[in-house]
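If you want the building blocks of each chain, they are given just below.
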Amino acid sequence: MRFWGMFRFTVLETVRKGTLIFYFGIATLTLLLLAFGITRSPNDPELITMFGIPFGGKAMGNLGLVEFLLYMLHHQSVQFILLLGIFGVSGLIPDMLEKGTIDLFLSKPLTRMELLLSRSLGATAGIGLNLFYFFIGVWAVFGLKLGVWHWAFLSSFIYVFFAFACFYSVVTVVGLITRSTGFTILISFCFLFISWGLDAREHGLYLLWNNIVYHRLLDALYYLTPQLNAMLENSSRVIIKTALFPGMLDFTIMPFLCSLGSAVLMYALSIWYFSRQDF
Amino acid sequence: MYTMNALQTENLSKQYRSGAFKKYNIPALDKVSLEVGEGEIFGLLGPNGAGKTTFIKIMLSIVHATSGKAEIFGQSIKIRSVRELCGYLPENHRYPQFLHGLDTLLFFGRLNGLSESELRPRAQTLLETVGLVQWAKVKTKKYSKGMLQRLGLAQALMNNPKLLFLDEPTDGVDPVGRKEIRDLLIGLKSQGTTIFLNSHLLSEVELISDRVAILNKGKVIRTGTVAEITSQKLSYTIQLSSHLPLALEERFKSSLPAFSYTDNRLDISLNDKTDLNPVIDALRTAGIGIDGMTQQKASLEDYFIKLVQGENNK
Ligand SMILES: Nc1ncnc2c1ncn2[C@@H]1O[C@H](COP(=O)(O)OP(=O)(O)OP(=O)(O)O)[C@@H](O)[C@H]1O
Ligand SMILES: [Mg+2]
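Keep in mind that this is a model prediction, so the values were computed, not measured. Each chain carries its own residue numbering, running from 1 in the direction its sequence is written. For naming, the first written chain is A and the first written ligand is 1, with later ones following in the order written. For a predicted model such as this one, the threshold for reporting local features is a pLDDT of at least 70, and the threshold for listing and counting side-chain atom pairs is 80 or more; totals across whole chains, interfaces and linings nevertheless cover every residue. The side-chain figures draw on all heavy atoms in the structure; neither hydrogens nor water molecules are used.

With that out of the way, let us pick up the packing of aromatic side chains. For this analysis, a ring pair means two rings from Phe, Tyr or Trp (six-membered ring only for Trp) whose centres lie within 6.5 Å, classed as stacked if their planes differ by under 30 degrees, edge-to-face if by over 60, and tilted for the remaining angles. Per the counting criterion, the structure on display carries 30 aromatic pairs over all chains. When the ring of Phe 55 of chain B is compared with that of Phe 196 of chain B, the centres are 5.4 Å apart and the planes differ by 20°; the resulting orientation is stacked. Taken as a pair, Phe 55 of chain B in helix α1 (residues 52-59) and Phe 196 of chain B in strand β9 (residues 194-199) lie far apart in primary sequence, 141 residues in all. By the ring-pair criterion, three or more aromatic residues cluster together here, those being Phe 9 and Phe 105 of chain A together with Tyr 95, Phe 98, Phe 107 and Phe 108 of chain B. Comment: the charge-over-ring label is applied if NZ (Lys) or CZ (Arg) is within 6 Å of the ring centre and within 35 degrees of the ring normal. The ring of Phe 274 of chain A carries Arg 112 of chain A above its face, with NZ or CZ at 5.7 Å from the centroid. Strands are runs of DSSP state E lasting at least 2 residues, helices are runs of H or I lasting at least 4, and numbering of each runs from the N terminus.

Put into C-alpha cells, the structure is as follows:
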C-alpha cells in the first residue's frame with residue numbers, strides 16, 4: 001500500500017509534470033510524420049518510399065524490406081529516445097531529496113529502501129509507458145500502411161525497456177550522490193558514451209595504454225555497470241531473423257543478464273548510501 | 001502505576017559532519033535526555049541553531065543520532081512501524097506542485113498506509129478542521145504561506161497520530177489562525193494525543209504547554225512546567241524617592257540573583273518572596289523612601305532571554 005502509493009505518485013508525477021506529456025507530443029508527431037512519410041509505390045508493390053527515399057529490390061522480398069526498414073529505424077533512434085527519456089526523469093531522485101520534501105517522505109512509515117525503490121521503479125514505469133506508446137505506434141503505422149504486423153519489432157520494446165530500467169539504476173546512484181538534476185543529466189549523458197566506449201574497448205580504450213591493469217580495470221567497469229550499448233544493439237537485433245551482412249552477431253541474452261546483475265548492485269549501493277544519509 | 005512515556009531519550013547526541021571528506025564536526029545535540037508523558041503538550045524552546053529541529057528529525061529517523069538512545073511509546077525509533085504512531089509538520093515543507101490540496105492529503109495518507117476507503121472521509125474532515133474546504137481543489141502552488149501551514153498540519157494528522165511533532169506550527173499564520181491552531185491542539189490533547197512542539201513564540205508555548213524544556217547549543221538547560229520555570233524567580237520594581245547610596249548598591253548586587261538600578265528605579269529578582277523584606281528593611285534603614293512597588297512575574301520570554309544570555313556569557 002505505502003509502496004504502491006509512492007510508486008503511483010511517481011508515475012503520475014512523470015505524466016503530470018509535463019515532461020511526459022511533452023514526450024507523448026513528440027512521439028505522436030513522429031508517428032504522424034512516419035504515417036505520412038511511408039508509402040508503398042502503387043505501380044511497384046515491392047518499392048517502399050520513406051520520406052521520399054525509395055527502398056526496394058527483389059532480393060529482399062516484401063517482409064525482408066519492411067524488416068530492414070524497421071531495423072534501421074530502431075537502430076538509428078533508440079539511443080536518442082533513451083536520452084530523451086533520461087532528460088525527462090533524471091530529476092525525480094534529486095527532487096525527492098529536496099529540503100522540505102524528503103522530511104515529509106521520511107517521516108512516513110516507509111523504510112528508506114521502500115521509498116527509494118518505489119521512486120526509481122515509478123520513474124522507470126513512467127518512461128516505460130511512453131516507450132510503449134511509441135513502439136505500439138510505429139508498429140501500427142507499419143501494419144496499417146504496409147500491411148506487415150511485425151511482432152518481433154513490438155517485442156523489442158521489452159528489451160529496450162529493460163535496458164532503460166538498468167540504466168535508471170545508474171541515474172539513481174548519481175542522483176542520490178549529487179542531489180542535482182543538472183549533474184545527473186550530465187553524468188547520465190556521459191554514461192551513454194562510456195558504455196559505448198567500454199563495449200568497444202578492444203578497438204579503442206585498450207589501445208590508449210597497453211597496460212594489463214588498465215585493461216582489467218576497463219573490463220571490471222564494463223561488467224559492473226549496465227552494458228547499455230550491448231543491450232541496445234541486441235534489442236535491435238531481435239527484429240531481424242537473419243544477419244543483414246556477413247559477420248553480424250546473433251542476438252544474445254548475456255548483456256541483459258549481466259546488466260540485471262549490475263543494476264541490482266547499483267540499487268544495493270544506492271540503498272546503502274541513502275540509508276546512511278542525514279536530511 | 002507504571003505509565004509509558006510517549007517519548008523518551010537518554011544521552012542523545014548528534015554531530016553533523018560536513019565539508020569535503022566530512023572533516024568538520026558540527027555539534028548539534030549534546031547528551032539530551034528528555035521524557036514526555038502520554039497526553040502531554042511539551043514545548044521545546046531554544047534560540048536559532050539550538051538543535052530543536054535536529055531533535056525532532058532524530059526521533060523520526062530523518063537524521064541518525066551519533067550516540068544515545070531514543071524510544072517512542074517504549075519502542076526503539078529504529079523500528080519502521082514506530083512512525084505509524086507519529087505525525088510530523090516540518091519547519092520547511094514543500095508539497096508536490098501539480099497536486100491540489102485534497103490530492104496532497106490523499107497521497108500522504110497512502111504513504112501512511114491508510115486504506116482507500118478511510119482516506120477520503122479523513123481528508124475531508126481535516127480540510128474542514130483546518131479551514132481549507134474551499135481550497136481543496138486548488139493546486140498547492142497557489143496557496144499562501146499560512147494556507148500551506150494549515151495543509152501541513154492536516155497532512156500531519158492524516159493517520160490520527162498518537163504523537164504529533166510540530167516544528168514551528170504557527171509560522172506564517174495570522175493571529176486568528178494561530179488561535180484556531182491553538183484550539184485545535186488543545187482539542188487533540190483532550191482526545192489523548194501527545195504533542196511535541198518546537199517554537200520561538202514563547203507567549204504561545206506558554207499558553208498551551210504543560211511542560212517545556214529549554215535547549216541551548218544542543219544542551220538542555222532547564223525542564224519543568226511553565227509555572228515552575230517562570231515562578232522560580234520573582235521580580236519587583238521599586239521606585240525610590242531618593243538616590244541609592246553606592247554601598248547599598250554594591251550590597252544588593254552581590255546578594256541578589258538579579259539587580260539593576262537607573263533613575264531611582266530599582267529592578268530586582270528574588271529566589272523567594274520572603275527575601276523581599278530584608279531589601280525593604282535595608283532601604284528604610286538607609287533612610288530612603290519608597291514611592292511605589294510592583295511585582296513582575298517573569299514571562300517565559302523574559303526568563304528565556306535571561307537564561308540563554310546567562311548561559312552564553314559563561
Ligand atoms: N544537515 C545539516 N548538516 C550540517 N549541519 C546541520 C544540519 N542541520 C542542522 N545543522 C546544524 O545543527 C545545528 C542545530 O540546527 P537545528 O536546525 O537543529 O536548530 P534549531 O534549533 O531548529 O534552529 P531554528 O530555531 O533556527 O530552527 C546548527 O548549528 C546547524 O547549523
Ligand atoms: Mg528549527
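This is not the end of the story, as more comes after the structure.
A separate point is the coordination of the magnesium ion (ligand 2). All names here are of chain B. In this listing, donors mean N, O and S atoms no farther than 2.8 Å from the metal, or 3.2 Å for Na, K and Ca; water is missing from the atoms, so a site can look incomplete. Only Thr 53 (OG1) and Glu 91 (OE) from the protein coordinate the magnesium ion (ligand 2), and they sit 1.9 to 2.6 Å from it. In this pair, Thr 53 is assigned in helix α1 and Glu 91 in the loop between β7 (86-89) and α2 (101-111), connecting sequence segments 38 residues apart. Relative accessibility thresholds used throughout: buried, under 20% of the residue-type maximum; exposed, over 50%; partly exposed, between the two (1.4 Å probe, protein chains only). Owing to a relative accessible area of 15%, Thr 53 belongs among the buried residues under this scheme.

If you look at the biggest cluster of nonpolar residues, it comprises 151 residues, and the most contacted ones within it are Phe 274 of chain A together with Phe 55, Phe 165 and Phe 196 of chain B. A total of 14 residues in this core trace back to one element, the largest contributor, which is helix α7 (residues 151-178) of chain A. Whether two residues are in contact is decided by their heavy atoms: any pair within 4.5 Å suffices. In this view, Phe 165 of chain B contacts Leu 7, Ile 56, Met 59, Leu 60, Ile 72, Cys 86, Gly 87, Tyr 88, Leu 89 and Phe 196 of chain B; residues no more than four positions away in its chain are not counted. The term nonpolar core refers to a set of buried residues drawn from Ala, Val, Leu, Ile, Met, Phe, Trp, Tyr and Cys, joined through side-chain atoms within 4.5 Å. Counting 19 residues, the second largest nonpolar core, distinct from the first, contains Leu 248, Phe 252, Leu 266 and Ile 288 of chain B.

This part takes up the interface of chain B and chain A. Frequently, the measure chosen for interface size is the accessible area that the parts lose on association. Listed as interface residues are 29 residues of chain B and, on the opposing side, 30 residues of chain A. In this description, buried area is defined as the sum, over both parts, of the accessible area (probe of 1.4 Å) that is lost when the two are combined. Of the roughly 2800 Å² buried between chain B and chain A on both sides combined, carbon and sulfur atoms contribute 58%. One speaks of a salt bridge when a side-chain nitrogen belonging to Lys or Arg is within 4 Å of a carboxyl oxygen belonging to Asp or Glu. Summed over the shared surface of chain B and chain A, the number is four salt bridges. Across the salt bridge formed by Glu 98 of chain A and Arg 94 of chain B, the nearest N and O atoms sit 3.3 Å from each other. Nitrogen and oxygen atoms within 3.5 Å of one another constitute a polar contact, given that in protein one can donate a hydrogen and the other can accept it, and given that sequence-neighbouring residues count only through two side-chain atoms. For the pair chain B and chain A, the interface holds 16 residue pairs in polar contact (both at pLDDT 80 or more). If you list the elements that add at least two residues to the side of chain B that touches chain A, you get β1 (5-18) and α2 of chain B. For the side of chain B that touches chain A, the element with the highest residue contribution is α2 of chain B, accounting for four residues. Across the side of chain B that touches chain A, the residue classes tally to 14 nonpolar, seven polar and eight charged. Polar here means any residue outside two lists: the nonpolar Ala, Val, Leu, Ile, Met, Phe, Trp, Tyr, Cys and Pro, and the charged Asp, Glu, Lys and Arg; Gly therefore counts as polar.

To continue, consider the domain arrangement of chain B. What the domain assignment reports for chain B is domain 1 (5-217) and domain 2 (232-297). Annotation comment: domain bounds sourced from an automatic or database domain assignment. The C-alpha-based centres of domain 1 of chain B and domain 2 of chain B are spaced at 44 Å.

This part is about the environment of Ser 262 of chain A. Residues and elements named next belong to chain A. Looking at where Ser 262 falls in the secondary structure, it is placed in helix α12 (residues 254-276). For Ser 262 and Cys 166, which are 96 residues apart along the polypeptide, the C-alpha to C-alpha distance reads 7.9 Å. Residues in contact with Ser 262, not counting those within four places in the same chain, are Tyr 223, Leu 224, Thr 225 and Pro 226. Among the polar contacts listed, one links the side chain of Ser 262 to the backbone oxygen of Thr 225, at a separation of 3.5 Å.

Okay, the side chain of Ser 236 of chain A next. All names here are of chain A. Structurally, Ser 236 can be placed in helix α11 (residues 228-237). Engagement of the side chain of Ser 236 in a polar contact is seen with the side chain of His 74, the distance being 2.8 Å. What Ser 236 contacts, discounting residues up to four positions off in sequence, is Tyr 71, His 74 and His 75.

Take the site of ligand 1 next. Residue and element names in this part refer to chain B. Taken together, 13 residues surround ligand 1, and among them Asn 48, Gly 49, Lys 52, Thr 53 and Thr 54 come closest. Between ligand 1 and Ala 50, the relevant distance is 3.2 Å, taken from an oxygen atom to a main-chain nitrogen or oxygen of the residue. All accessibility values rest on the Shrake-Rupley procedure with a 1.4 Å probe; residue burial counts only the protein chains present in the view. Coverage of ligand 1 by the protein chains reaches 68% of its 630 Å² of free accessible surface. Secondary structure elements with two or more residues in the shell around ligand 1: β2 (24-32) and α1. No other element matches α1, which puts three residues into the shell around ligand 1. Among the residues making up the shell around ligand 1, the classes are represented as five nonpolar, six polar and two charged. One heavy atom within 4 Å of a molecule or strand makes the whole residue count as near it.

A separate point is the confidence of the model for chain B. pLDDT gives the predictor's per-residue confidence on a scale running from 0 to 100. On average, residues of chain B score 88 in pLDDT, and 97% of them reach the 70 mark or higher. Reported for the predicted complex are a pTM of 0.84 and an ipTM of 0.83.

Residues and elements named next belong to chain A. With antiparallel pairing, the three strands of this open sheet are ordered in space as β1-β2-β3. Because the sheet does not close on itself, it has two edges, and the strands there are β1 (38-40) and β3 (53-56). Shown here is a sheet whose adjacent strand axes are inclined to one another by a mean of 25°, direction ignored. Two strands qualify as a pair provided DSSP detects at least 2 bridges between them. Sheet topology note: the β1/strand β2 (residues 47-50) ladder contains three bridges and is antiparallel. Opposite Thr 39, over in β2, you have Thr 49 as the bridge partner. In this analysis, axes come from line fits to C-alpha atoms, helices being fitted only over the stretch in contact, and the angle between any two N-to-C directions falls in the range 0 to 180 degrees. Set on the sheet, helix α6 (residues 112-146) makes contact with β1 and β2; between it and β1 the angle comes to about 25°.

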